[in-house]
Amino acid sequence: MGFPTRRMRRLRGSAPLREMVAETRLAPSDLVLPLFVRPGEGEARPIESMPGNFQYSIDRLVGAAKEAADAGVPAVLLFGIPSSKDSQGSEAYAERGIVQEAVRAVKSECPSLVVVTDVCLCEYTDHGHCGPLKEIRGRRVVDNDAALELLARAALTHAEAGADVVAPSDMMDGRVGAIRIVLDEAGHTDVPIMSYAAKYASAFYGPFRDAAESPPKFGDRRGYQMDYRAGRQAALEADADAAEGADMLMVKPALAYLDVIADVRRRSALPLAAYHVSGEYAMLKAAAANGWLDERGAVIEVTTAIKRAGADLIITYYAEQLAEWLGA
Ligand code: PBG
């Protein structure tokens, strides 16, 4: 008889056995929840394009952070919406800026929650770009080196406020090195840098720009974010950030970039995070709201795939819900 043996079929038949041989395991300890903080008191303004997410005033943010921690989420990533914006994004590096105050409040109420801060200027500049502008040959562009100074100051004020990790998302050249030097000089040698190593210019950031009130007022971010046709360039970015002293790398967005995650994973021994961004969240939410997808199944499948591709950490707006589903 010429029938081949198909032993794998027997493994597939039994749930406990499948569990034992699962190559990829998603756990609440993999997750980071992004949160938005705005000025005011008692505020939780719903973000329309990201159902279930809010712009919180600091008092409410603390409650949301506690809830996430209780669900088993070990870390949050904070984004600020400032009370006023200017050309230099000065609230981004103000000692009493919105994120700095939020960090103090969250760390004092939930000391064991890991607080990561987004280091960028685009939410704080009146033009919505990730650094101050200059003119080159009649074109307004971001002044890379002037931005470095301001980004390093922002990271320093976050560290002084008690941030556990700083995460520069601006994609200026040399920012990891600049931030490392400034943090070390001030004695914050133990504050790690999670760098957005490969951040692609993506249509999937749309809902976030509503949430953070940060769309660019002219042009777009293709001058400094990566072109999604460039896969190999991620390796160069990852190497550069590692050489400048990054402690963790990040790829963003996640789902359309699983190849990039796998590539950076093979290339670098540093811990790797993937950002499952606002548009990826919004797609799932919208389909689920219409009854077109089983939300729980789809979300667990997608996030497990991000881990399978090689991410150690997943930054996702589903973090709290996922931690509950996974039974922390
Ligand atoms: C700021 C920043 C952005 C996101 C994270 N940090 C927006 C952007 O670059 O336009 C997007 C996150 C998301 O879509 O969930 N530079």
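A few points on the structure. (Residues numbered from 1 in each chain as written. Predicted model: local features only at pLDDT ≥ 70, side-chain atom pairs only at ≥ 80, totals over all residues. Heavy atoms only, no water.)

**Considerations on the overall build of the protein**
Along the protein, the regular secondary structure elements total 12 helices and 12 strands. Its C-alpha atoms give the protein a radius of gyration of 20 Å, near enough to 20 Å, the size a compact globule of 328 residues would have. Each of the three principal axes of the protein carries a C-alpha extent, and together these read 80 × 45 × 40 Å. Looking at the protein as a whole, 53% of its 328 residues are labelled buried. Sequence separation of 24 or more characterises 72% of the internal contacts of the protein that already satisfy a separation of 6 or more. Distance between charge centroids for the protein: 8 Å, based on 37 positive and 46 negative side chains. (Helix = DSSP H or I, 4+ residues; strand = E, 2+ residues; numbered from the N terminus. Rg over C-alpha atoms; globule rule 2.2 N^0.38 Å. Buried < 20%, exposed > 50% of the residue type's maximum accessible area, 1.4 Å probe, protein only. Contact = heavy atoms within 4.5 Å. Lys, Arg positive; Asp, Glu negative; His and termini not counted. Charge placed at Lys NZ, Arg CZ, Asp CG, Glu CD.)

**Things to note about a nonpolar patch on the surface**
Residues Leu17, Met20 and Val21 make up a contiguous nonpolar surface patch of roughly 290 Å² in combined accessible area. If you trace the backbone, Val21 turns up in helix H2 (residues 15–21). (Patch = residues over 30% accessible without salt bridge, like charges linked within 9 Å, V, L, I, M, F, W, Y side chains within 5 Å. Areas by Shrake-Rupley, 256 points an atom, 1.4 Å probe, with all protein chains shown as cover. Salt bridge = Lys/Arg side-chain N within 4 Å of Asp/Glu carboxyl O.)

**Remarks on the pairing of strand S7 (residues 139–142)**
Bridge analysis of strand S6 (residues 133–136) against S7 gives 4 bridges, and the strand direction is antiparallel. Along S7, the bridge assignment pairs Ile136 with Arg139. Remark: 2 residues form the turn of the hairpin made by S6 and S7, two consecutive strands paired antiparallel; Arg137 in that turn has positive phi of roughly 45°. (Pairing = 2+ DSSP bridges.)

**Topic: empty space enclosed by the protein**
One pass over the full model with this rule turns up 1 cavity of 30 Å³ or more. By volume, the largest cavity amounts to about 150 Å³. Around the largest cavity, the lining is made up of 17 residues, and of these Phe79, Lys199, Tyr205, Phe208 and Lys252 lie nearest the centre. Of the residues belonging to the lining of the largest cavity, the class tally is 8 nonpolar, 3 polar and 6 charged. (1 Å grid on protein atoms, 1.4 Å probe; cavity = no way out; pocket = protein on both sides within 12 Å on 5 of 7 lines; lining within 4 Å. Points joined across faces, edges and corners; volume = space filled by probe spheres on them. Nonpolar A, V, L, I, M, F, W, Y, C, P; charged D, E, K, R; others polar.)

**What to know about the nonpolar core**
Leu35, Phe36, Leu77, Ile261 and Tyr275 are the most contacted members of the largest nonpolar core, which totals 107 residues. Ranked by residue count, the leading element in this core is helix H5 (residues 144–161), at 10 residues. Discounting residues that sit within four places of it in the chain, Ile261 has contacts with Val251, Ala254, Leu272, Ala274, Ile306, Ala309, Gly310 and Ala311. (Core = buried A, V, L, I, M, F, W, Y, C linked by side-chain atoms within 4.5 Å.)

**Notes on the site of the ligand**
Around the ligand, a shell composed of 18 residues is seen, among which Arg209, Arg221, Lys252, Ser278 and Tyr317 lie nearest. One nitrogen or oxygen atom from the side chain of Ser169 is found 3.3 Å from a nitrogen atom belonging to the ligand. Interatomic distance of 2.7 Å between a side-chain N/O atom of Ser278 and an oxygen atom of the ligand. Burial of the ligand by the surrounding chains reaches 100%, relative to a free accessible area of 400 Å². In this structure, the ligand is accommodated by the largest cavity. A per-class count over the shell around the ligand returns 9 nonpolar, 3 polar and 6 charged. (Near = heavy atom within 4 Å. Polar contact = N/O pair within 3.5 Å; in protein donor to acceptor, adjacent residues only side chain to side chain. Sits in = over half its atoms within 2 Å of the grid points.)

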